[in-house]
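# Survey of secondary and tertiary structure
In case you want the letters, here they are:
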Amino acid sequence: MEEVLRSLGLFKPEIALTAGLLLVVIVDSIGGAWRNGAVRILSIATLAVALGYAVELQVAGAQGAIFSGMLTVDPLGSFFKIILVLASLLIITAFTFRAARELHGLGQGEFHALILALTLSNLLLAGANDIVMLYLALEMVSITSYVMVAYLKGDRMSNEASLKYLLFGAVSTGGMLYGLSLLYGLTGTTSLPGIREVLATGVPGPQLALYLATLLIVVGFGFKIAAVPFHFWCPDVYQGAATPVTALLSVAPKAAGFGIAVRFFFGTFAVPVTGTWDLSGVIDWQLLLVVISVATMTLGNVAALTQNNMKRLLAYSSIAHAGYILMGIVALSDVGARSLLIYLFAYLFMNLGAFLVVTLVHLHDGTFDLRDYPGLYRRAPLLTLAMGLFMLSLIGIPPLVGFLGKLYVFGAVVNMGSGYYWYAAVGAVNAAIAGFYYLRVLKVMFIDAGNEDKPPLKLAFVDRAWLLFFAAANLLPVLFWSRIDEWARGAVVLYTGR
Amino acid sequence: MTAADYVFWVFATATVVSGAVVVFARSLIYSAFALLFTFFGVAGLYVLLGADFLAATQLLIYVGGILVLLLFGVMLTHRIYDLKLRTEKTQLGPGLIVAAGIFIIFANAALITEWPTVGREPAPTTKEIGRLFLGEYLLAFEAASVLLLVALIGAAMIVRRKKDA
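A few points on the structure.

### Quick look at the interface of chain A and chain B
In this assembly, 44 residues from chain A lie in contact with 29 residues from chain B. For the pairing of chain A and chain B, the buried interface totals around 3100 Å² over both sides, and the portion due to carbon and sulfur atoms is 81%. The interface formed by chain A and chain B contains zero salt bridges. Inspection of the region where chain A meets chain B yields one residue pair in polar contact (both at pLDDT 80 or more). For the side of chain A that touches chain B, the secondary-structure elements that each account for two or more residues are α2 (12-30), α5 (109-127), α6 (131-149), α7 (156-187) and α9 (208-225) of chain A. For the side of chain A that touches chain B, the leading source of residues is α6(A), giving eight residues.

### Comments concerning the nonpolar core
Across soluble globular proteins, nonpolar side chains show a tendency to be buried alongside one another. The biggest cluster of nonpolar side chains holds 207 residues, and the ones touching the most others in it are A:M133, A:F265, A:I329, A:L383 and A:M387. In terms of residue count, helix α14 (residues 334-365) of chain A provides more of this core than any other element does, 21 residues in total.

### Quick word on the environment of A:A322
Residues and elements named next belong to chain A. The topology assignment puts A322 in helix α13 (residues 310-330). For A322, a relative accessible area of 0% corresponds to the buried category. Placed 94 residues apart in sequence, A322 and V228 show a C-alpha to C-alpha distance of 9.4 Å. Excluding its chain neighbours within four sequence positions, the residues that come into contact with A322 are I225, A226, K254, F258 and T296.

### Structural notes on helix α19 (residues 461-475) of chain A
Residues and elements named next belong to chain A. Over its 15 residues, α19 extends 21 Å from the first C-alpha to the last, a length consistent with the 21 Å expected when each residue adds 1.5 Å. Turning to α19, its buried residues number three or more, namely D463, W466, L467, F470, A471, A473 and N474. Axial view of α19: buried residues confined to an arc of 160 degrees, hence all on one face. Those residues of α19 that are exposed and angled more than 90 degrees off the buried face are F461 and L468. Each element contacted by the buried residues of α19 is listed here: α4 (75-95), α14, α16 (381-395) and α17 (401-414).

### A few points about the side chain of A:Q108
Residue and element names in this part refer to chain A. Position of Q108 among the secondary structure elements: in the loop between α4 and α5. When its relative accessible area of 14% is taken as the criterion, Q108 is described as buried. Among residues more than four places away in sequence, those in contact with Q108 are N36, V39, F97 and Y151.

### Structural notes on unusual backbone geometry
Residues and elements named next belong to chain A. Cis geometry marks the peptide bond from T96 to F97, where omega comes out at -5 degrees. Inspection of the secondary structure assignment puts F97 in the loop between α4 and α5. P398 connects to P399 through a cis peptide bond whose omega is 5 degrees. You can see P399 is positioned in the loop between α16 and α17. With a phi close to 55 degrees, F67 is a non-glycine residue in the positive phi region. Position of F67 relative to the elements: it lies in the loop between β1 (64-66) and β2 (71-73). Overall, F67 belongs to the buried group, its relative accessible area being 5%. In the Ramachandran plot, L332 falls in the positive-phi region, its phi being about 50 degrees despite a non-glycine side chain. Take L332: its relative accessible area is 3%, and that puts it in the buried class.

### Focus on a nonpolar patch on the surface
All names here are of chain B. Together, M1, Y6, V7, F8, W9 and L48 give the surface a local cluster of nonpolar side chains, amounting to about 630 Å² of exposed area. At four residues, helix α1 (residues 3-24) tops the list of elements feeding residues into the nonpolar patch. If you trace the backbone, W9 turns up in helix α1.

### With respect to the packing of α4(A) against helix α11 (residues 243-267) of chain A
Residues and elements named next belong to chain A. The contact between α4 and α11 brings their axes to 10 Å, and the two run at 175 degrees. The angle between α4 and α11 places the two elements in the roughly antiparallel class. Of α11, the residues touching α4 (which contributes L76, G77, F80, I83, L84, A87, S88, I91 and F95) are P244, A247, L248, V251, A252, A255, A256, F258, G259, V262 and R263. The residue inventory of the contact of α4 with α11, partitioned by class, reads 16 nonpolar, three polar and one charged.

Thresholds applied
Chains are numbered independently. Their residues run from 1 in the order of the written sequence. Numbering of ligands from 1 and lettering of chains from A proceed in the order in which they are written. Local features in this predicted model are restricted to residues of pLDDT 70 or higher, and side-chain atom pairs are both shown and tallied only at a pLDDT of 80 or more, whereas totals for entire chains, interfaces and linings draw on every residue. Only hydrogens and water are removed before side-chain values are computed, so all heavy atoms of the structure are retained for them. Note on definitions: a residue-residue contact is assigned when non-hydrogen atoms from the two residues lie within 4.5 Å. Put simply, buried area is the surface a 1.4 Å probe can reach on two separate parts but cannot reach once they are joined, added for both. Here a salt bridge means any side-chain nitrogen of Lys or Arg lying within 4 Å of a carboxyl oxygen belonging to Asp or Glu. Residues adjacent in sequence count toward polar contacts only when both atoms are side-chain atoms; beyond that, a polar contact is any pair of N or O atoms within 3.5 Å, and within protein one must be able to donate a hydrogen and the other to accept it. Under the DSSP-based scheme used, a helix requires at least four consecutive residues in state H or I and a strand at least two consecutive residues in state E, with every element numbered from the N terminus. Here the nonpolar core consists of buried residues drawn from Ala, Val, Leu, Ile, Met, Phe, Trp, Tyr and Cys, with membership extended through side-chain atoms lying within 4.5 Å. The buried label goes to any residue with under 20% of its type's maximum accessible area, the exposed label to any with over 50%, and the partly exposed label to all in between, with areas taken from a 1.4 Å probe on protein chains only. In a helix, the anticipated span is given by 1.5 Å times the number of residues less one. As used here, the arc belongs to the directions running from the helix axis to the C-beta atoms. Patch membership requires over 30% relative accessible area and the absence of a salt bridge. Like charges are linked within 9 Å, and nonpolar side chains (Val, Leu, Ile, Met, Phe, Trp, Tyr) within 5 Å. Accessible surface area values rest on a Shrake-Rupley calculation with a 1.4 Å probe, where residue burial reflects the displayed protein chains alone. Inter-axis angles, ranging from 0 to 180 degrees, are taken between N-to-C directions of lines fitted to C-alpha atoms, where helices are fitted over the stretch in contact. Roughly parallel means an angle under 35 degrees; roughly antiparallel, over 145; roughly perpendicular, 65 to 115; everything else is oblique. Asp, Glu, Lys and Arg are counted as charged, while Ala, Val, Leu, Ile, Met, Phe, Trp, Tyr, Cys and Pro are counted as nonpolar; the rest, among them Gly, fall into the polar class.

See below:
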């Protein structure tokens, strides 16, 4: 009982989200014309409170295991909680409901309930410290995502996307569950710190089962972060889902997946030495992740070159970014973990910004096709300039926030020693390839002629404000970079006890 | 072979054979009834593993609840008897090779690994499970209830027609 009471004090963001979720469901079922506004305000308030609690945890630097070792609270987890809650908050405030044409006329209650549920499960996933909790949280994230993807009920693409997502998800989480059960069988414990202790002393006899377990667990994580070769669902799902959902899926579950991956690979499959981590046991997962990372960034970038649908283009681009972020895990050092955090921070703003532009163009022109984008500069200068900024940030042009993210991950890889220089070089070549398709979007919007007969886009004041907000979030962080760097540095504290 | 081994093979065969019928049957009704034996077989395997609570739940929830619901759904659906399921067999050769390869690797892993085992007689588990749900695994237990709520919301949302939204 004392354990539960103690845990609740460190569990405030999740409690706030659960309470908000229940309130939204109740308010929505009361009915009445005012309910749509009410659930929206309620959701925003819930997320704001959860964000406040997450920041409080981060500032306090709280750490420890809660709920009998089910979850961990540590600065790393708090960093992810801030990013995850912020992503949901930005989606609800900037994207829905007015700006998202696809969602017009659909019920708002369930949408907000689902976003809160997704946020809650993301938080649980990022803090999981036991394979029971890890798997449960992963399933919660997945099931909520499937439902959100199917939100456009009358739309065949949306239903197809949801079904594909479900089938891929079922197979990969099933594989992961098998891997986790092998790991449990080998170590006799479900607690991640307990597993690390057993692995550190070594598993007797043939190691085949251990290799299989690692491989299958990588499948599960790979599906969540859309890494090659578990990325097949990604373009179709991103295209079929409503754009706000796509934007959220491209950031939040991915960040949560990276959060648990760091915890798993650093905290369970490695042993901390000062500033760096050593592989424990015989599994060289670093090599496995290098291969996956290189394949992910290369395939994502090359496939994005020929896309004309903006949502598909950004889907492949997000696959490529997952490849870069994996570099931070492969580095297996505090520097690597910090680079991953900074990249996710940057990615949140540049990717959501790009998706906001796509949403707004669809709101006014009803198209996701890049071939309908010519002449946009003349029709909506602010929107086009903002898009320019997001694209340059996604390429990694200084002094935008995307550059800083790339600088840190490549730096972390170079830090590993000369044996990994080629890996950083592959990343740099990939960044150059990515430049082609991001710049192509800009060329179409700024230079290409067309759509002369269409009137200028009349952006609402709120939309302009949000575009400026995201533009500022991409442009300004460099000014107070030392503080962000300090924040991320302080956040690289993993609590690995029971 | 001991008596337990014989019982194991009976249950394992029943599970695998009826599972194959579920997949390959051309009529939905046959599949649904074959599923009955699959669930029973799995429940029997749970008993042999000493998981008495799990076996009872398997019978109560899967056989008694989900399967009956499934059968009702199948039987009440209009013209379901005429429906011929088309199970396509594409890429049969490569598929068989990959499946056999995976089976050999996993079976090998299960057989050669030195599993750390606890020599313990099977004991009733229900009490212990109840204690763990409200103790060590309290959070997982509560999180599962949120998951069920979300699944409920999602199911209601997907099934409802668009115009009532």
